[in-house]
Amino acid sequence: MQKVYKLLVLALITSLVTTAAQAQETSSGTDTVITSIDADLLNIFNQKTPRKYKIAAIKVTGNRFFDENLLISIANLNVGDEISIPGGDAFSKAITKLWGQNYFSDVEIYITKLTGKDIDIEIAVTERPRLSNFFFKGIRKGEGEDLTGKTGLVRNRVITENMKISAVEAIRKFYSEKGFQNASVKIVERADSTFDNTLILDFVINKGPRVKINSVNFGGNTVDATKLKKQLKGTKEMSRLTIHPNFDSGRIVVVKRYPFEQYWREKGFLTLSKTKKVLDPYVRIKLSSAKFNQKKFEEDRESLIDYYNSLGYRDAVIEKDTVYYNAKGNLNVDIKVNEGRRYYFGNITWRGNTKYSDSTLTAILGIRKGDIYNLETLNKKLGKSASPEGGDISGLYQDDGYLFFRTDPVETAVYNDTIDYEIRLIEGPQATIKNVRISGNDRTKEHVIRRELRTVPGEKFSRSDLIRSQREIAQLNYFNQEKIGINPIPNPDDGTVDINYSVEERSSDQLELSAGWGGSIGLTGTLGVSFNNFSIRNIWKKSAWDPLPMGDGQKLSLRVQSNGKAFRSYNFSFTEPWLGGKRRNALTVSVYNTRFGQTYNYATGLYDPNLAKTQYISTTGATVSIAKQLKWPDDFFSLSVGLNFTRYKLSNYAIDPTNLPGFDNGNVHNFNLRVALQRSSVDQPLFPRSGSNFMLSLQITPPYSLFDKGIVNATNPYKWVEYHKWRFNGEWFVPLGKPHGEDRNKQFVLRASAKFGFLGRFNSKLQISPFERFQVGDAGLSNQFALLGYDIIAHRGYPVYDNSNPKVNPDQQTARQYFTIFNKYSVELRYPLSLNPSSTIYALGFYEAANGWYNIKDYNPFKLRRSVGLGMRFFLPMFGLLGFDYGIGLDRFTPNGSLKDAARFTFMLGFEPE
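How each quantity is defined
- By convention here, each chain's residues receive numbers from 1 onward along its written sequence.
- Reporting in this predicted model follows two pLDDT cut-offs: at least 70 for local features of residues, and 80 or more for side-chain atom pairs to be given and counted; totals over whole chains, interfaces and linings ignore these cut-offs and use all residues.
- Excluded from the side-chain calculation are hydrogens and water; included are all heavy atoms of the structure.
- Helix numbers and strand numbers start at the N terminus; a helix is a DSSP run of H or I with at least 4 residues, a strand a run of E with at least 2.
- Nitrogen and oxygen atoms within 3.5 Å of one another constitute a polar contact, given that in protein one can donate a hydrogen and the other can accept it, and given that sequence-neighbouring residues count only through two side-chain atoms.
- Only heavy atoms matter for contacts: two residues are in contact if any of them lie within 4.5 Å across the pair.
- Axis lines are fitted to C-alpha atoms, over the contacting stretch for helices. Their N-to-C directions set the angle, which ranges from 0 to 180 degrees.
- With respect to orientation, any angle under 35 degrees is reported as roughly parallel, any angle over 145 as roughly antiparallel, any angle of 65 to 115 as roughly perpendicular, and every other angle as oblique.
- A clockwise turn of the near helix away from the far one marks a right-handed crossing, whereas an anticlockwise turn of less than a right angle marks a left-handed crossing.
- Any carboxyl oxygen of Asp or Glu that lies within 4 Å of a side-chain nitrogen of Lys or Arg is treated as forming a salt bridge with it.
- Using a 1.4 Å probe on the protein chains alone, a residue whose accessible area is under 20% of its type maximum counts as buried, one over 50% counts as exposed, and one in between counts as partly exposed.
- Criterion used throughout: strands pair if DSSP finds at least two bridges between them.

Participant: Please explain the side chain of Asp635 as it appears in this structure.
Facilitator: Note that Asp635 resides in the loop between strand 30 (616–629) and strand 31 (637–651). Within the structure, the side chain of Asp635 is placed 2.6 Å from the side chain of Arg468, a separation counted as a polar contact. Filtering out sequence-adjacent residues up to four positions away, Asp635 remains in contact with Arg454, Arg468, Gln629 and Leu630.

Right, dumping it as structure tokens:
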């Protein structure tokens, strides 16, 4: 719309009427006055010599939503300003400024009154219409909801051309990313009768057909095109099904669910499933979304060049790329590359090294003459980019205090396809740690953090000590693990370095609270609190209760649980992680009491809470243990020793009526020693990305029956229970790919684990202990038999099972007998959705296999129940772990069964089951 510049003299008639009225009183001079004013108004813009006029008054008209004073201020016109007419530009500048706000469709300035050299002016504006509402036509409701946040449209804002253009571009981009490259958008404007000067905008969208990438073609390449296509992560070809000419395509069945494959294969059909890319020597299927995204295509171009560089083609370039439509309306992508020559490493020499010999540095570098040239590998081996794994030249020097160490790789010769390098080193002096500062610990006492640090003032600087210190701080679980900062500040003048650690406190305490009341059941509920950064020495200081004495790194846990008359439990534990304050010697003391009563009357088939008074089992016990960090084989190892005493009281309660008939009354005592050797090197506790955990333990009681032969024939052979129990747990965490996302910390992590348990006896004439066995299956959320000392081994996709046949999986077990041997293997692929300290969330997919056995003769580590599924984990500061899994038991499928029969939804709260 063109700018309108109008200066109109409208007061002529008004002035004449006013002067005529004055003439009635002064009949002699009226004509002269009228003639004089009329001439001034008519000639004000026709005079040849500019004259100055003073603005006497300013008025704004036509404004409904904007303040008059604001518009006058924007116009930069003020009462008392002098302007020249003609020749002045004050009015044109005022119109330009108001027009530039983009809120008006017309701006005019009028002179409404002239008195001598004083003028009154009127600024007349016409406001643009405002957006009353907007709608998306021709698409699904869910897509419209997504577009609402992407278009930037806001109701009651002024409608501008830029607003409409931006909205259309956002819509086209939205559908372009979904593969609709030819989406069109038409805007229909409708007046809203509800409000004045408002419009409703209808965006009529025609997505058109989804455009897919038909083919990606390379030219000028000697590298296999298949390998090149694998580098294009965001630019994939359409799905294709290739059938060998000798294969009968009529014998192919496409199935949506993987477990049905076996059923169809047994009938002679070849099944195609999205879970497999290579299905048969005769059939290949290739699945991909095949959407074209310009941004991802640009990223893929860079990845392609990086791949060429890793193969030694350091001069490789993309000469040309063309994206065009084929006859079917899909896209072809042609990429022409110029690979250039392939290079190899030649002679690598060292200069400036005095600490280590050439042979030592060459061995650590790991690059030999004739290796394919890769600059990224060279820089990584030199330590240009610090790696937590170490093993590079810079790490070698910096771990020995050479903080000021530098490397400069220089090409000394390039001949044919070979490149010689000279690595020039500047070793510098060894740096000593001067000051270590800690900031951000508003709640945690400084000594709790400082005792975890490996960087001590006065000692030589070490990069590996920095990395280890960061891990130890993260393992405390008191701070936001993504914001633990380490900032070494070198002081070249005196050869020292200051190290500044910064942390951000997060709540690590947990609360468990539930309550209810049910008629004959009575009060049910749970109250549990865990204080993971407690301060017991300040417990009697009133000033420290804010709200609780915190900050000394101790752990205090209290838990009370009740289910009416059927169940109640009390637990208390306390841990001092640094007993004595000088060594990492963790002392743990715990006491507990649990009572489980029978409330189901098998004779009548009715619920009877009074049975719990006479038919019950109760446990009372205490544990004292101490764990010590070891120095050998390395300081990731720890050794723990614990003594436990538990008393089981049975009143008309049969533990194992099948194998132990008549054993339903009396007391059982379990006094055992537990020794565990553990190695933990994971980088952080909530979402580990690297490292491993290993644990080997032995829990053993005195062999009473070998000392007292009469125990074998005693009425209660388990008055003092005897056994030896072996456990092994191992898990590994491996990061996959490169970190990505806005915070550059998100990446897939593979977790693999293996677990084994064995419960043995000292005397072959006694049954294996009915206590301390292994319950396998389900999620392990809760089970009454846990109070017998059972290890609860979760197996997603299966109910709790009590037999070793993978094909027998009733939803309810018929016996109260559990295994003495178990094996479990699992693989999880994890991806973090949120690493925020207020809610750490990650998704996972899993495959696991497990089973249990009753004796070593039947043990077969390959005869396992298998399951697959998906899950989510939520770590909330006050409630701990919240987990959901949907598992499919692959061995629960029957030929005529459904997915529902083989699937199982499991839930976990407070802890991750084994």
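Read on, since the account is not over.
Participant: What's the story with the packing of helix 5 (residues 141–150) against helix 6 (residues 161–177) in this structure? I'm lost.
Facilitator: Helix-helix packing is described using two parameters, namely the angle between the two axes and the distance between the axes. Between helix 5 and helix 6, whose axes approach to 10 Å, the crossing angle comes to 130°. Here helix 5 lies oblique to helix 6, going by the angle between them. Here helix 5 and helix 6 pass one another in a crossing that is right-handed. Together, Glu143, Asp146, Leu147 and Lys150 of helix 5 and Ala170, Ile171, Phe174 and Tyr175 of helix 6 make up the contact between the two elements.

Participant: I tried to follow the pattern of salt bridges on my own but got confused; where do I start?
Facilitator: Opposite charge on two side chains lets them pair, provided their charged atoms get close. A complete count under the given rule lists 44 salt bridges for this structure. A salt bridge links Asp498 to Arg437; its shortest N-O distance comes to 3.7 Å. Within this pair, whereas Asp498 is found in strand 22 (residues 496–502), its partner Arg437 is found in strand 20 (residues 432–439), the two being separated by 61 residues in sequence. Residues Arg450 and Glu446 are paired through a salt bridge, measuring 2.6 Å at the closest nitrogen-oxygen approach. Pair noted here: Arg450 and Glu446 are both in helix 13 (residues 446–450), with a separation of 4 residues, about one helical turn. When its relative accessible area of 31% is taken as the criterion, Arg450 is described as partly exposed. By relative accessible area, which is 35% here, Glu446 ends up partly exposed. The structure contains a network of salt bridges with shared partners spanning Glu731, Arg751, Arg796, Lys824, Glu828, Arg830, Glu848, Arg873 and Asp885.

Participant: Even after reading the chapter, I still don't get the sheet that holds strand 15 (residues 317–325), so can you show me in this structure?
Facilitator: Across a sheet, strands are paired by hydrogen bonds formed along the backbone, either parallel or antiparallel in direction. Taken in spatial order, the 3 strands make up an open sheet running 9-16-15, and their pairing is mixed. Because the sheet does not close on itself, it has two edges, and the strands there are strand 9 (213–219) and strand 15. For this sheet the average axis-to-axis angle between neighbouring strands, irrespective of direction, equals 15°. In this structure, strand 9 lies alongside strand 16 (residues 331–338), joined through 6 bridges in parallel fashion. Bridged to Gly219 within strand 16 is Lys336.

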